[in-house]
Amino acid sequence: MEWASQLCENRGLGSKMTDSKYFTTTKKGEIFELKAELNSDKKEKKKEAVKKVIASMTVGKDVSALFPDVVNCMQTDNLELKKLVYLYLMNYAKSQPDMAIMAVNTFVKDCEDLNPLIRALAVRTMGCIRVDKITEYLCEPLRKCLKDEDPYVRKTAAVCVAKLHDINAQLVEDQGFLDTLKDLISDSNPMVVANAVAALSEIAESHPNSNLLDLNPQTINKLLTALNECTEWGQIFILDCLASYLPRDDRESQSICERVTPRLSHANSAVVLSAVKVLMKFMEMLPKDLDYYGTLLKKLAPPLVTLLSAEPELQYVALRNINLIVQKRPEILKHEMKVFFVKYNDPIYVKLEKLDIMIRLASQANIAQVLAELKEYATEVDVDFVRKAVRAIGRCAIKVEQSAERCVSTLLDLIQTKVNYVVQEAIVVIKDIFRKYPNKYESVIATLCENLDSLDEPEARAAMIWIVGEYAERIDNADELLESFLEGFHDESTQVQLQLLTAIVKLFLKKPTETQELVQQVLSLATQDSDNPDLRDRGYIYWRLLSTDPVAAKEVVLAEKPLISEETDLIEPTLLEELICHIGTLASVYHKPPSAFVEGSRGVQHKRLPPRTGSGESTETPDVGQSGPSEAPPAVIPSQGDLLGDLLNLDLAPPTATVPSVQPSMQMGAMDLLGGGLDSLLGGDIGGSPSMGAGLGAAPAAMPASLGSAPAVGGGLGDLFDLGGGVGMPTGSYVAPKTVWLLAMKAKGLEISGTFARRGGIIQMDLSLTNKAMSVMTDFAIQFNRNSFGLAPAGPLQVLTPLSPNQTIDVSLPLSTSGPVMKMEPLNNLQVAVKNNIDVFYFSCQYPLSLLFVEDGKMDRQVFLATWKDIPNDNEAQFQIKDIHLNSDVASNKLQGSNIFTIAKRTVEGQDMLYQSVKLTNGIWVLAEMRIQTGNPNYTLSIKCRAPEVCPFVYQCYELVLKN
Amino acid sequence: MISQIFILSSKGDHLIYKDCILTTGLLVALFCLCLYLLILLQSHKGLHFIHVRQGGLYWVASTKTNPSPFTIIEFLNRLAALTKDYCGSLSEKSVRMNFALIYELLDEMVDFGYIQTTSTDILKNFIQTEAVSSKPFSLFDLSNVGLFGAETQQSKVAPSVAASRPIMSSRGEQNEIFVDVIERLSVVIGSKGVLMKADIQGEIRIKCFLPTCSEMRIGLNEELSIGKSQLKGYSSAVRVDECRFHQAVKLDEFDTFRILKVCPSQGEQTVMQYQLCDELPCAPPFQLFPSVEKDYVNRVLIFLKLRCDLPPKSTALNVSITVPVPKGSTSMSQELSSPDQTAELQPKNKALLWEIPRFPGGAQLSALFKVDVPGLSSASLLEVGPVSMSFELPKQTCTGLQIRFLRLSPTQTGLSQRWVRYVTHSDSYTIRI
């Protein structure tokens, strides 16, 4: 009540100046005074008193105490007094339900009064009193009033049904008021029809599936007749109702259109817009080759133009609607470009909306005019508007190809003004123009580069960097330019950092000789000194790409970019259709479906345009001017970029480029990274040098595992993550030395090294955890990602004591093979997450397949023979194992230690043939034939398996076992 | 569907509050805050507020559903107009004094959020309360005269105080009727003096005090042609592109004789709206010959020569010319041709403003401005312009539309006074340099 009392104070002040006697401040005892006056015998005095009561009520004072006294005044012949009393009743009946009953008798009596005004007044007021007890008494009088002889009473009663439905829907249905209401649609008085339609529409909205508003050609005909006669507001109800009707065929929809068209010249713009809505909807059904269709298109333009002569607020509402209409049917307004030219005194919201429509309407026919205007706008005072105007020039260039050259020269003129924000906007749009017309306007790059220093906004800087990177081969000092940006790398916004990273990588791929240092610098800035995960990950991906396969990197990074679409920020077609059905409503201003902002069930139904009828289908051709936007809804650019697009650094591109799959080949050491890359890049030699190094092994550890499963990425990128891990392959009793899996610097001081072993049929992961941080680490836990053989920890990670700084703990984690299975690439890859009290860290490693060779893998001879024959020869793989100086028996024993069992041995012409079998934990059998020629250190291994993808890994095991 | 209607004073006090569906709480206090943002559409907790401002008051409607903002804005404008018709003038005071009347009006106009009627003809059958005039009526009070169709600065044109009198008042019964032709002109003139774009929005408004509803015939120029294609020979036909009529207007004689037949209800209404795009039947009223040059290091010379191309008998009033100047302009000196003109630099708006109270047709005025701009560069000269003008042309229509006659039938008993007035405003008049 605080604000109420404040209002009273204001009122007190106000009353000194005005002589308004009703608003004098309440003093103590005023209620009593009013009470006395209300009970006065004199009618005039009573009336004045009631007025005073209502004045207090308006201000927010509580005058409910006077309820009985006011109700006493109800029985009067004076209509003015009666109205005042009813006004009071409406406000306070709810808070005083018991006393409201006192009024019922008078209501019922008034409903039978001789004066229709009193009858209508009574039934109107009763409907506004939301007290259940009164509702019961309302039904009888309402029934009578619905059939009253006076149309004024009937129209009031029609609305009263809607009121009653709002209070008690069941009651309305039980009492059969809905049917009476339907009958009123055929009433002789247009006002009654309008109200009945309004009430029914309202009720129908809360029953989405009921066929309440049973529209058929007969009722439609009645509505159309009433449309011509009723008040403007009634026309709006009827038109809105018509819009929800679905005509049976194109003929019917044409006849409705014909009868609605005269409403377009109504003075009330709400009527006009409702009529536009009906026409836009029903036009959908008309065949396009029909003459009438063309006529209708012509008729729609002038009223829409006229809407723009209203106040700015209404103009804005109109423009938002026109924006929708232009997107749906650009041909309606294609000749009306001039009305959307901006006036200098338009408010900014009108200006911006007009600009948007101008671009949508721009075509080859009018582009010259539009450009001239836009150029003028670009020199105006309002910064926001100027920016948008410069953008608009760019959008024109992209939309109308013929104008691109002129647009570019206009933009260059604007850049010459050196007005800071104009230059920046111009550079941003020129970037888009380059994307749309590659290799066409590069001559302007020199001019752009001159303005490098004046760019202070991230978007403009990013755009400029993109241009430099993209055309690095044509800009002599591209490396200097980019280097100058690199100096303040950490102060730049993420957008700029990302662009800079990509641009320098592009530069490196184009001019590898001179820019090694630069790329190394930016990669280390991005991966090591940045906290931004996007930047870091993009850095890693580039790093990995460059180090793995620079040629592939070139293909990925410098891939052909998909062209950008001409139309940007179009409304999605289904939403557009729904919004067209809501033309003229709030939804069309917000450009949101009503369900997005209307509470409750009301208005949640999704409306759809009617389907086009068959007759016009075949002849449907774009009948717009030569270069006008075509009829088909243009592809809408997806708003969220995907990872692939991100990698290619495409701002707007749909994911069409394919990433060449990168071989999971050997990595090079970090130090050697660029050297190796450079060699192969220059020499075109893909083989690469198999120099092993552990340096990069830990790199992917910092990448969140979830990145790898991004759906758009597919196999190619998945490979990128799987490069880490095992260098030395342990086997059997021989367990490889531990290798570092997780670098301390990547994991906030936790270093993990480890290896795998199979001991007595139990698979174990041996880990060394080293704390290289300053604080104690506790709460260790471990988890595996799904993998090819379902490896999973068989128990918790047993780190019982906290790990103090510089301490190392060795843990052996037993593994089971009953975890969830997902095929990995490479097959033996394992992604691991380790958690401690500081954070969660991810790394991946590779386990030797021998880990999975089970002890009972010795196959029966006969079975072996049969199986060997049974497996198709396509599944056979041959390998060479070099430099082994063992005889066949020693080799056989050695292999047996790793559960590779020799079943038979043959000697033919000095050549030993060993037949061997291996069984994996998941039941896959692997059969092998190893040929050993005495004196030849090279063994030939043939492996046959029903799952041939395991063969290379089995071969790896052979090699490791035999060499150790 | 409307949920609530408020009329708020400029301070945010609520003068009138009607809850149409009685299920929403009072949220005015909140709305008052929103008002300071002055946004047309506001939403809060599923309630959408729409307001217009008229007569220093806020007319607000709230809604929970998805209605047409056009409907609501139209309605609020109509409500304001009706309040003005009934109470005589729009002010906080008159609304307070007539609150009972306004509640009564609202009751008849809106039922359960559905707009019922806004026509005075229908309403007068139901309205019981007498209006309380906030001002004693005096024939000698000429201060509050003006065309009611537009907010105009001009005064003392029409010989009546009609505009501020309640239409329903039983006192001062005068059989007066006013017909105003109001045109708004928007023009863009290119840098070489070429007319690039011209638009005229016009309307014919009547305000009627005749108590009995009789038919009125308004005769327009007989040679008036409508539509783009109907160019009739070489005659200087008066032409408009498109027109819209009030639904009460009967058009059976319009096609042949250009006569509008209307039974005006009491109060104010727009009978006809029309527009003309792209072509002006006469030369644009003003031509500007600017020259902008760099004087010395930090000074810009702007020389403006302005010619009024109206016929010699006409005059333009309240002409003001706004010239954008370079950013950072600090001071200005000027040479004007007569003392009643003024000029000032508005550094905040980066513009200079030159005002001429009265500009006779055929005359030519010139002015020289020297603007000091520290750090002037050649690019900053580009910031000068475009020039925008505002003015009004009394007794003048740019389309040439005239009212030939105004006949009431049957002829009114007693004296009936008929006034016809014309005015053209500049809506947006831009001259590019």
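Computed from a predicted structure; not experimentally measured.

The rules behind the values
Here the residue numbers are simple positions, counted from 1 along each chain's written sequence. Chain letters start at A and ligand numbers start at 1, both assigned in the order the entries are written. A pLDDT threshold of at least 70 governs which residues receive local features in this predicted model, and a stricter bar of 80 or more applies before side-chain atom pairs are shown or counted, although totals over entire chains, interfaces and linings include all residues. Note that water and hydrogens are dropped before the side-chain values are worked out from all heavy atoms of the structure. Helix and strand labels come from DSSP, where a helix needs a run of H or I of at least four residues and a strand needs a run of E of at least two; each type is numbered from the N terminus. Partly exposed residues are those whose accessible area sits between 20% and 50% of the maximum for their type, while under 20% is buried and over 50% is exposed, using a 1.4 Å probe and protein chains only. Here a residue-residue contact requires only that any non-hydrogen atoms of the pair lie within 4.5 Å. All accessible areas in this document rest on Shrake-Rupley with a 1.4 Å probe, and a residue is counted as covered only by the protein chains that are shown. Note: buried area is the sum, over both parts, of the accessible area (probe 1.4 Å) each one loses when the two are combined. What makes a salt bridge here is a side-chain nitrogen of Lys or Arg within 4 Å of a carboxyl oxygen of Asp or Glu, nothing more. Definition of a polar contact: a pair of N or O atoms within 3.5 Å, with one able to donate and the other able to accept a hydrogen when the atoms are protein atoms, and with sequence-neighbouring residues admitted only if both atoms are side-chain atoms. All residues other than Ala, Val, Leu, Ile, Met, Phe, Trp, Tyr, Cys, Pro, Asp, Glu, Lys and Arg, Gly among them, are scored as polar; the first ten of these are nonpolar and the last four charged. Strands are labelled as partners when DSSP assigns at least two bridges between them. Between N-to-C directions, angles span 0 to 180 degrees; the directions come from axes that are lines fitted to C-alpha atoms, helices contributing only their stretch in contact. Each angle receives one of four descriptions, namely roughly parallel if under 35 degrees, roughly antiparallel if over 145, roughly perpendicular if within 65 to 115, and oblique otherwise. Two helices cross in a left-handed way if the nearer one is turned anticlockwise from the farther one by less than a right angle. They cross in a right-handed way if the turn is clockwise. What a helix is expected to span follows from its residue count: subtract one and scale by 1.5 Å. Bend, at a single residue, is the angle you get between axes fitted to the 7 residues ending at that residue and the 7 residues starting at it. Classification of ring pairs uses Phe, Tyr and Trp, with its six-membered ring standing for Trp, and accepts pairs whose centres are within 6.5 Å; under 30 degrees between planes counts as stacked, over 60 as edge-to-face, and the remaining range as tilted.

## Quick look at the overall build of chain A
- Within chain A, the secondary structure is distributed over 39 helices and 13 strands.
- Classification of the 964 residues of chain A by burial places 58% in the buried group.
- The contacts in chain A between residues at least 6 apart in sequence include a share of 69% that link residues at least 24 apart.
- Just so you have it, chain A exposes about 39,500 Å², and 50% of that area is on carbon and sulfur atoms.

## Some thoughts on the overall build of chain B
- Tallying secondary structure elements over chain B gives 6 helices and 25 strands in all.
- In chain B, buried positions account for 60% of the 433 residues.
- The contacts of chain B with a sequence gap of at least 6 include a subset with a gap of at least 24, amounting to 69%.
- When the accessible surface of chain B is totalled, it reaches about 17,000 Å², and 53% of it is carbon and sulfur.

## Digging into the interface of chain B and chain A
- With 80 residues of chain B at the contact, the number on the chain A side is 88 residues.
- Approximately 7,700 Å² of surface area, both sides summed, lies buried where chain B meets chain A, with 58% of it carried by carbon and sulfur atoms.
- For chain B, the biggest contributors to the area lost against chain A are N66, F70 and R244 of chain B; these three give 10% of the whole.
- On the surface where chain B and chain A come into contact, there are 8 salt bridges.
- Taken together, the connections running from chain B to chain A amount to 21 residue pairs in polar contact (both at pLDDT 80 or more).
- Classifying every residue of the side of chain B that touches chain A by side-chain character gives 34 nonpolar, 27 polar and 19 charged.

## Some thoughts on the pattern of salt bridges
- Summed over all chains, the structure comprises 61 salt bridges over all chains.
- Notably, a salt bridge pairs E108 of chain B with R124 of chain A, separated by 3.5 Å at the nearest N-O pair. Taken together, the residues span two chains, with E108 of chain B in helix 4 (residues 99–109) and R124 of chain A in helix 7 (residues 116–128). The two residues E108 of chain B and R124 of chain A agree in class, both being buried.
- With a shortest N-O distance of 2.7 Å, E492 of chain A and R461 of chain A are connected by a salt bridge. With E492 of chain A in the loop between helix 26 (478–486) and helix 27 (494–510) and R461 of chain A in helix 25 (residues 458–470), this pair connects stretches of sequence that are 31 residues apart. By the burial criterion, E492 of chain A is buried, and R461 of chain A matches it.
- The network of salt bridges with common partners includes R387, R391, E425, E457 and E459 of chain A.

## A short note on the pairing of strand 3 (residues 762–771) of chain A
Residues and elements named next belong to chain A.
- Judged by how many residues are buried, strand 3 sits mostly within the fold: 9 of 10 residues are covered.
- Sheet analysis places strand 2 (residues 750–759) next to strand 3, joined by 10 bridges and oriented antiparallel. When the bridges of strand 3 are listed, G754 appears paired with L767.
- Here strand 3 runs beside strand 6 (residues 808–816); their pairing, made up of 8 bridges, is antiparallel. Across the sheet, the residue bridging to L769 is I809, located in strand 6.

## Quick notes on the sheet that holds strand 2 of chain A
- The strand order 1-2-3-6-5 (chain A) describes an open sheet built from 5 strands, whose pairing is antiparallel. Only two strands of the sheet have a single neighbouring strand rather than two, namely strand 1 (739–742) and strand 5 (792–793) of chain A.

## Concerning the packing of helix 18 (residues 312–328) of chain A against helix 2 (residues 69–87) of chain B
- With their axes 10 Å apart at the nearest point, helix 18 of chain A and helix 2 of chain B run at an angle of 165 degrees to one another. By the criterion of interaxial angle, the relationship of helix 18 of chain A to helix 2 of chain B is roughly antiparallel. Like other packed secondary-structure pairs, helix 18 of chain A and helix 2 of chain B cross with a definite hand, here left-handed. Packed against helix 18 of chain A, whose contacting residues are L314, V317, A318 and N321 of chain A, the element helix 2 of chain B presents P69, F70 and I73 of chain B at the interface.

## Comments concerning the environment of L314 of chain A
- Along the polypeptide, L314 of chain A turns up in helix 18.
- Sequence separation between L314 of chain A and S269 of chain A is 45 residues; the distance between their C-alpha atoms is 9.1 Å.
- Each residue touching L314 of chain A, except ones within four places of it in the same chain, is listed here: F70 and I73 of chain B.

## What about helix 6 (residues 97–110) of chain A?
All names here are of chain A.
- Across its 14 residues, helix 6 extends 20 Å between first and last C-alpha, which sits within 8% of the 20 Å expected from 1.5 Å per residue.
- When the local axis directions of helix 6 are compared, the greatest deviation, roughly 35 degrees, occurs at A103.
- Residues of helix 6 that are buried include every one of A100, A103, V104, T106, F107 and D110, and no others.
- Each element contacted by the buried residues of helix 6 is listed here: helix 4 (67–72), helix 5 (79–92), helix 7 and helix 8 (132–146).

## Re the packing of aromatic side chains
- The final tally for this structure, using the stated rule, is 23 aromatic pairs over all chains.
- Pairing W741 of chain A with F756 of chain A gives two aromatic rings, centres 5.3 Å apart and planes at 40 degrees, and the pair type is tilted. In this pair, W741 of chain A is assigned in strand 1 and F756 of chain A in strand 2, connecting sequence segments 15 residues apart. The same class applies to W741 of chain A and to F756 of chain A, which are both buried.
- When the centroid spacing of 5.2 Å and the interplanar angle of 70 degrees are considered together, the rings of F245 of chain B and F254 of chain B count as edge-to-face.
- By relative accessible area, F245 of chain B is classed as buried at 12%.
- In textbook terms, an aromatic cluster arises when at least three aromatic residues are bridged by ring pairs, as seen for W741, F756, F843 and Y847 of chain A.

## Some details on the sheet that holds strand 9 (residues 876–881) of chain A
All names here are of chain A.
- Spatial strand order, 9-13-12-11-10: 5 strands in an open sheet with antiparallel pairing. Two strands in the sheet have a free side with no partner beyond their single neighbour: strand 9 and strand 10 (901–908). Neighbour-to-neighbour, the strand axes of the sheet open up by a mean angle of 20 degrees, direction not taken into account.
- The sheet contact formed by strand 10 and strand 11 (residues 911–919) spans 7 bridges and is antiparallel. Counterpart to T907 in the pairing with strand 11 is D912.
- Packing against the sheet, helix 39 (residues 951–963) makes contact with strand 9, strand 11, strand 12 (925–933) and strand 13 (939–945), and its axis sits at approximately 25 degrees to strand 9.

## With respect to unusual backbone geometry
All names here are of chain A.
- With an omega of -5 degrees, the peptide bond running from E825 to P826 counts as cis.
- Residue placement: P826 occurs in the loop between strand 6 and strand 7 (829–835).
- The phi dihedral of N806 is positive, around 65 degrees, even though this residue is not glycine.
- Phi at N899 is positive, roughly 65 degrees, even though this residue is not glycine.
- Its place among the elements puts N899 in the loop between helix 38 (888–897) and strand 10.
- Residue N899 is classed as buried on the basis of its relative accessible area of 8%.

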